[in-house]
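# Descriptive analysis of the structure
Each chain, letter by letter, is given below.
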Amino acid sequence: MKYRYVVVEGPIGSGKSTLARLLAEHYDASLLMEDPGANPFLPMFYRDMKRHALATQMFFLFQRINQLSAIRQPDLFERKTIADYMLAKDRLFAKLTLDDNEFALYAQLYNHLHPQAPTPDLVIYLQTSVDHLMDRIQRRGRPMERAIGEDYLMRLSETYTRYFYDYSQSPLLIVNSDRFNFADNPEHLQMLLTRIESLRGMREYFNAA
């Protein structure tokens, strides 16, 4: 693969972690993944978002910074890395879930820490409809996700859409993941791998025929 550092992004339920694992296995790459299960505030956040948003967000901020600080630019030339998140996601979620005063506090801490992360060589954005997100979340049956509502997923999807509409820091492949099942259909995965290797522009789209 010509890309050394690839990030797979998308809303909860889009399949980003599954795809990141598959790509890392195929390319024999290091895998960098979030660990939402380690966040003790997340189950409470899904039950009462307003009350627990700040604690949840701060935990994720420190977790992501600690993980990404371990990646140095020279490392990316020695071994490929596939990640299932990018640091910019943190500010997206913060803006979505925190009130104005909480976000101001968050922004001060974020700016004080000056978190640095390598720029991805490629970002794969899994664009997924809310109906499919809801269906996948319900089918995987994680207890702490049972309280996730359609309204939250809709706002989250819109936030991602707005962010990637203006994104220009890296080559971007926008994948309509409603039409693909990368985990269970090897043909779909092979189609994506072929598409990745043929990318030439800064922004391209991948849809099933």
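A short tour of the structure in this document, coming up. Along every chain, residues carry numbers that run from 1 in the direction the sequence is written. With the structure being a predicted model, the display of local features is reserved for residues of pLDDT at least 70 and the display and counting of side-chain atom pairs for 80 or more, all residues being used for whole-chain, interface and lining totals. In computing side-chain values, all of the structure's heavy atoms are included and hydrogens and water are not.

### Re the packing of helix 3 (residues 49–69) against helix 6 (residues 100–113)
An axis is simply a line fitted to the C-alpha atoms; with a helix, the fit covers only the stretch in contact. Between two such axes, the angle follows the N-to-C directions and lies from 0 to 180 degrees. Secondary structure is summarised from DSSP: a helix means a run of H or I of at least four residues, a strand means a run of E of at least two, and numbering begins at the N terminus for each. Orientation of helix 3 relative to helix 6, taken along the N-to-C sense of each, is 10°, at an axis distance of 11 Å. Compared by their axis directions, helix 3 and helix 6 come out roughly parallel. In this structure, helix 3 contributes Lys-50, Leu-54, Gln-57, Met-58, Leu-61, Phe-62 and Ile-65 to the contact, and helix 6 contributes Glu-102, Leu-105, Tyr-106, Leu-109, Tyr-110 and Leu-113. Residue composition of the contact of helix 3 with helix 6, by class: ten nonpolar, one polar and two charged. These descriptions rest on fixed angle ranges, namely under 35 degrees for roughly parallel, over 145 for roughly antiparallel, 65 to 115 for roughly perpendicular, and the rest for oblique. Residues are treated as being in contact if the distance between any of their heavy atoms lies within 4.5 Å. All amino acids are sorted into three groups, where Ala, Val, Leu, Ile, Met, Phe, Trp, Tyr, Cys and Pro are nonpolar, Asp, Glu, Lys and Arg are charged, and the leftover types, Gly among them, are polar.

### As for helix 5 (residues 88–97)
Type-normalised accessible area, obtained with a 1.4 Å probe on protein chains alone, sets the label of each residue: buried when under 20%, exposed when over 50%, and partly exposed for intermediate values. Among the ten residues that make up helix 5, seven are buried, leaving the element largely enclosed by the rest of the structure. Looking at helix 5, one finds that the buried residues are Lys-89, Asp-90, Leu-92, Phe-93, Ala-94, Leu-96 and Thr-97. Against strand 1 (5–9), helix 1 (16–27), helix 2 (42–47), helix 3, helix 6 and helix 8 (150–165) lie the buried residues of helix 5.

### A short note on the sheet that holds strand 3 (residues 81–83)
Here six strands make up an open sheet; going across it, the order is 2-3-1-4-5-6 and the pairing parallel. Bordering the open sheet on either side are strand 2 (30–32) and strand 6 (203–206), each of which pairs with just one other strand. Each adjacent strand pair in this sheet contributes to an overall mean axis angle of 20°, direction not counted. Strands were regarded as paired on the criterion that DSSP finds at least two bridges between them. With three bridges joining them, strand 1 and strand 3 adopt parallel strand pairing. When the sheet's bridge partners are listed, Val-7 is paired in strand 3 with Ala-83. On top of the sheet, helix 9 (residues 186–197) reaches strand 4 (122–127), strand 5 (172–176) and strand 6; it is set at about 160° to strand 6, its chief contact.

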